[in-house]
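Secondary and tertiary structure notes
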Amino acid sequence: DQQVKQNSPSLSVQEGRISILNCDYTNSMFDYFLWYKKYPAEGPTFLISISSIKDKNEDGRFTVFLNKSAKHLSLHIVPSQPGDSAVYFCAASANGAQKLVFGQGTRLTINP
Amino acid sequence: DAGITQSPRHKVTETGTPVTLRCHQTENHRYMYWYRQDPGHGLRLIHYSYGVKDTDKGEVSDGYSVSRSKTEDFLLTLESATSSQTSVYFCASGQGIRGNTIYFGEGSWLTVV
């Protein structure tokens, strides 16, 4: 039972354009959401997060949007840069639980 | 980023042998985790710890055990390794406060032949 789903295994975007990565969840108890970025042969690194009391959180080129009614969140990267090429994981936790549930990941490739 | 180190970073072992992966963190984080990463599955939680000697199972705990005798160390043991346990294993740690962000180590590549 995949509670957090990233339905696009891969995404290719031109440098300078917007990258939009999507994530859906099924557990209505999830109240905190995070995005992690992972380069090959490295551990995931925290990118940005959002609480369920908000619908948007922005940090530089990265913005996360949360649509609670649709149980959907998205990560926008603008403008996309070659260094953004990586695998992106969304994750969620419920009611202050200390366990994160991760999606399958989306491989983002930024083309010059 | 939290100071989290994993050892060994790479290991090849034979089916049926026990294997122990070690995780050490220098952030005095209360919570520690072991995840495995597999294609098509993302990161799945194996076990986690919420304090010294306090551990609980994750979603893929069968065939694994853990121990935490000190705040900074969290061990993952494969009691009798199988080929299905060939994977990349990530340790993570976090403060354990609401809205917890956890920080990952660099991973341990395990191949069971």
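Criteria and cut-off values
Residues numbered from 1 in each chain as written. Chains lettered and ligands numbered in written order. Predicted model: local features only at pLDDT ≥ 70, side-chain atom pairs only at ≥ 80, totals over all residues. Heavy atoms only, no water. Contact = heavy atoms within 4.5 Å. Buried area = accessible area lost by both parts, 1.4 Å probe. Salt bridge = Lys/Arg side-chain N within 4 Å of Asp/Glu carboxyl O. Helix = DSSP H or I, 4+ residues; strand = E, 2+ residues; numbered from the N terminus. Nonpolar A, V, L, I, M, F, W, Y, C, P; charged D, E, K, R; others polar. Phe/Tyr/Trp six-rings, centres within 6.5 Å; stacked < 30°, edge-to-face > 60°. Pairing = 2+ DSSP bridges.

**Details of the interface of chain B and chain A**
Contacts between the two partners involve 24 residues from chain B, matched on the other side by 20 residues from chain A. Of the roughly 1800 Å² buried between chain B and chain A, counting both surfaces, carbon and sulfur atoms make up 59%. The tally of links between chain B and chain A comes to zero salt bridges. Contributing elements (two or more residues each) for the side of chain B that touches chain A: strand E4 (31-38) and strand E5 (42-51) of chain B. By residue class, the composition of the side of chain B that touches chain A is 11 nonpolar, nine polar and four charged.

**Details of the packing of aromatic side chains**
Each aromatic ring pair is described using two quantities: the centre-to-centre distance and the angle formed by the ring planes. Within this structure, the stated rule accounts for 17 aromatic pairs over all chains. Relative to B:Trp109, the ring of B:Phe90 lies with its centre 6.5 Å away and its plane at 70°, an arrangement referred to as edge-to-face. One end of the pair, B:Phe90, is in strand E9 (residues 87-94); the other, B:Trp109, is in strand E11 (residues 108-112), and 19 residues separate them in sequence. Of the aromatic side chains, those joined through ring pairs into one cluster are A:Tyr36, A:Phe46, A:Phe89, A:Phe102, B:Tyr31, B:Tyr33, B:Tyr35, B:Tyr48, B:Tyr50, B:Phe90, B:Phe104 and B:Trp109.

**Things to note about the sheet that holds strand E3 (residues 19-25) of chain A**
Residues and elements named next belong to chain A. Taken together, the five strands give an open sheet; going across it, the order is E1-E3-E8-E7-E6, and neighbouring strands pair in antiparallel fashion. Edge positions in the sheet fall to strand E1 (4-5) and strand E6 (56-59), since each has one partner strand and no second. Note: E1 against E3, two bridges, orientation antiparallel. Paired with Val4 across the bridge in E3 is Tyr25.

**Points about the environment of A:Asp55**
All names here are of chain A. Within the fold, Asp55 resides in the loop between strand E5 (45-51) and E6. Along the chain, Asp55 and Phe65 lie 10 residues apart, while their C-alpha atoms are 5.6 Å from each other. Contacts of Asp55, omitting those with residues within four sequence positions, involve Ile50, Val64, Phe65 and Leu66.

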